[in-house]
Amino acid sequence: MAISFKKTYKFAVKSAFYITFFSMVFLTLLLYYFNQVNYVLITVFTISIYLFSFFVVQYRVERFIYRRVKKIYDDVSLLDSTTFRSQPITTDMATLTKEVKKFATDKKLEIETLKVREEYRREFLGNVSHELKTPLFTVQGYISTLLDGAANDKVLRKKYLERAEKGVERLIYIVKDLDMITKLETGDLNLDYSIFDIVETIKNVFDLLEMRASKKKITLTFDTNYSKPIYVRADQEKIQQVVTNLVMNSIKYGKEGGTTEVSIENLINNKVIIRITDNGEGIQKQHIPRLFERFYRVDKSGARSEGGSGLGLAIVKHIIEGHNEKIYVESQFGVGSEFSFTLEKQK
Ligand SMILES: Nc1ncnc2c1ncn2[C@@H]1O[C@H](COP(=O)(O)OP(=O)(O)O)[C@@H](O)[C@H]1O
Ligand SMILES: [Mg+2]
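One numbering rule holds for all chains: residues counted from 1, following each sequence as written. Both sets of labels track the order of writing: A upward for chains, 1 upward for ligands. Local features in this predicted model are restricted to residues of pLDDT 70 or higher, and side-chain atom pairs are both shown and tallied only at a pLDDT of 80 or more, whereas totals for entire chains, interfaces and linings draw on every residue. Side-chain metrics in this entry use all non-hydrogen atoms of the structure; hydrogen atoms and water are not considered.

## Topic: the site of ligand 1
The condition that has to hold: Throughout, the term near means that a residue has one or more heavy atoms lying within 4 Å of the molecule or strand in question. Counting of polar contacts relies on pairs of N or O atoms within 3.5 Å, with two restrictions inside protein: one atom must be capable of donating a hydrogen and the other of accepting it, and residues adjacent in sequence are counted only when both atoms are side-chain atoms. Where helices and strands are cited, they refer to DSSP runs of H or I of at least four residues and of E of at least two residues respectively, numbered from the N terminus. In this count, Pro and Cys sit with the nonpolar residues alongside Ala, Val, Leu, Ile, Met, Phe, Trp and Tyr, while Asp, Glu, Lys and Arg are called charged and the others, Gly among them, polar.
Around ligand 1, the surrounding shell holds 19 residues, and the nearest of these are Asn 249, Tyr 253, Asp 278, Gly 310 and Leu 313. Here an oxygen atom of ligand 1 sits 3.4 Å away from a polar atom, N or O, in the main chain of Gly 312. Ser 337 has a polar side-chain atom sitting 3.2 Å from a nitrogen atom of ligand 1. Among the elements of the structure, α7 (236–252), α8 (312–322) and β7 (336–345) are those that each provide at least two residues to the shell around ligand 1. The greatest single-element share of the shell around ligand 1, amounting to three residues, is contributed by α7. Grouping the amino acids of the shell around ligand 1 by side-chain chemistry returns eight nonpolar, eight polar and three charged.

## Digging into the environment of Tyr 9
To keep things clear, this is the line we draw: Burial here depends on accessible area, computed with a 1.4 Å probe over protein chains only, as a share of the maximum for the residue type. Under 20% is buried, over 50% is exposed, and the range in between is partly exposed. Contacts are assigned to residue pairs with any non-hydrogen atoms lying within 4.5 Å of each other.
In this structure, Tyr 9 sits in helix α1 (residues 2–33). Taking relative accessible area as the criterion, Tyr 9 reaches 41% and is therefore assigned partly exposed. Filtering out sequence-adjacent residues up to four positions away, Tyr 9 remains in contact with Phe 54 and Gln 58.

## Here's the deal with a positive patch on the surface
Note the cut-off: Patch membership is restricted to residues that have no salt bridge and whose relative accessible area is over 30%. Joining uses 9 Å for like charges and 5 Å for the nonpolar side chains Val, Leu, Ile, Met, Phe, Trp and Tyr. Per-residue accessibility takes into account occlusion by the displayed protein chains alone, with areas from the Shrake-Rupley method and a 1.4 Å probe. One speaks of a salt bridge when a side-chain nitrogen belonging to Lys or Arg is within 4 Å of a carboxyl oxygen belonging to Asp or Glu. Positive charges come from Lys and Arg alone, negative charges from Asp and Glu alone, with His and the N- and C-terminal ends not counted. In plain terms, the charge of a residue is placed at NZ if it is Lys, CZ if Arg, CG if Asp and CD if Glu.
Taken together, the side chains of Lys 159, Arg 163, Lys 166, Arg 212 and Lys 215 make up a positively charged region of the molecular surface. Contributing elements (two or more residues each) for the positive patch: α5 (154–185) and α6 (198–215). By residue number, the principal contributor to the positive patch is α5, which donates three residues. Structurally, the position occupied by Lys 166 is in helix α5.

## Some words on the nonpolar core
We count it as follows: Take the buried Ala, Val, Leu, Ile, Met, Phe, Trp, Tyr and Cys residues and link them wherever side-chain atoms come within 4.5 Å; each set so joined is a nonpolar core. Start and end positions for the domains come from either an automated domain assignment or a database one.
If you look at the biggest cluster of nonpolar residues, it comprises 53 residues, and the most contacted ones within it are Ile 198, Ile 239, Ile 264, Ile 274 and Phe 341. Split by domain, this core shows at least three residues from each of two domains, domain 2 (131–185) and domain 3 (193–345). With sequence-adjacent residues up to four places away left out, Ile 264 is seen in contact with Ile 198, Val 199, Ile 202, Phe 222, Asp 223, Tyr 226, Ile 230, Val 272, Ile 273 and Ile 274.

## Some remarks on the pattern of salt bridges
Any two side chains of opposite charge can pair, so long as their charged atoms come close to each other. This model, assessed by the stated rule, comprises 15 salt bridges. Here Glu 110 makes a salt bridge to Lys 107, at a shortest N to O gap of 3.3 Å. Taken together, the residues Glu 110 and Lys 107, both in helix α4 (residues 93–147) and three residues apart, mark about one turn of the helix. For Glu 110, a relative accessible area of 40% translates into the label partly exposed. Residue classification places Lys 107 among the partly exposed residues on the basis of a relative accessible area of 26%. A salt bridge links Glu 338 to Arg 275; the nearest nitrogen and oxygen atoms lie 3.5 Å apart. Taken together, the residues span a long stretch of sequence, with Glu 338 in strand β7 and Arg 275 in strand β5 (residues 271–278) at a distance of 63 residues. Members of the salt-bridge network, linked through shared partners, are Glu 118, Arg 121 and Arg 122.

## So, the packing of α7 against α8
Basically, it comes down to this: Interaxial angle, 0 to 180 degrees, is taken between N-to-C directions of lines fitted to C-alpha atoms, where a helix line uses only the stretch in contact. Handedness of a crossing follows from how the near helix is turned relative to the far one, being left-handed for an anticlockwise turn of less than a right angle and right-handed for a clockwise one.
The contact between α7 and α8 brings their axes to 9 Å, and the two run at 145°. With respect to the hand of their crossing, α7 and α8 are arranged in left-handed fashion. Residues Lys 238, Ile 239, Gln 241, Val 242, Asn 245, Leu 246 and Asn 249 of α7 touch α8, and the partners they reach there are Gly 312, Leu 313, Ile 315, Val 316, Ile 319 and Ile 320. Taken together, the residues of the contact of α7 with α8 sort by class into eight nonpolar, four polar and one charged.

Written as structure tokens, this is what we have:
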């Protein structure tokens, strides 16, 4: 308030000065013309004019301009009460200008964010429907064929039903990934930190994926025998998801009879790094920077039976970055890939 009054006075002081100056000069000239110059009169007149115009200007300005200004101010604050409410309402022009400018900048920024989000939403929806279409049509295709008579043939019936089931499984898998990524991207990551043995977690994943690996004759192993537990501080369930996604990829994109090896190494600063290495197909250099993007897949055709939703690595990245940790990838096309991430070690 102090600032506002100072500024308000300044305006009145100056305006009163101009009026007084003009009137004084005018009066002096007038008196001079009539040969009646009277310094006492001029002084009294000057002081009175000054005081009078000062109060009139001050009063009028406050009443007419600042009232309106205050109204604008109130309207603006009403639009965005969160940013204005905390500050005292002033009638100061400079503050108002500053606030309105800030308000406009904030709004502009907000609109831009909304535009980006809208773009993102559209792209996301497009991708989702695209991802769902393929398995849905597969299922529909098999069911139609069965209805059209294939159901009478015992062998075909079983075969087509199994394929339809595969399609449904894939749909479920995609929907689960979508659910996960949506949760992660809306920001309610809600990490549930605990201290757990990472060796145990990796063993769990091995157990869960053993069947899948053995179908491709892929061996899942550690680089050495981790006989002692290695304790880390993180969200166990989410880290298990990360390891699952990475090991799953190493199986999916690994070669028949290959190996997936997991190692846990100490890093400086109480960190461990977990590496998942395979000797599979590898990734060409140009794909590596985009690998962690949602829906990004090297093999776009989707024809490959192994194709996932393309969300696996995006989920992995979200989880690791949510822990403020880092994820790395190294790969040589035709030789193999290594995905690694850090975790906080518990001493
Ligand atoms: N271990 C790996 N070896 C070779 N390519 C991989 C590996 N992991 C991931 N990729 C490539 O990265 C792409 C993105 O992986 P991901 O996000 O898990 O999607 P998805 O597995 O559903 O296709 C995959 O389509 C695949 O081309
Ligand atoms: Mg995957």
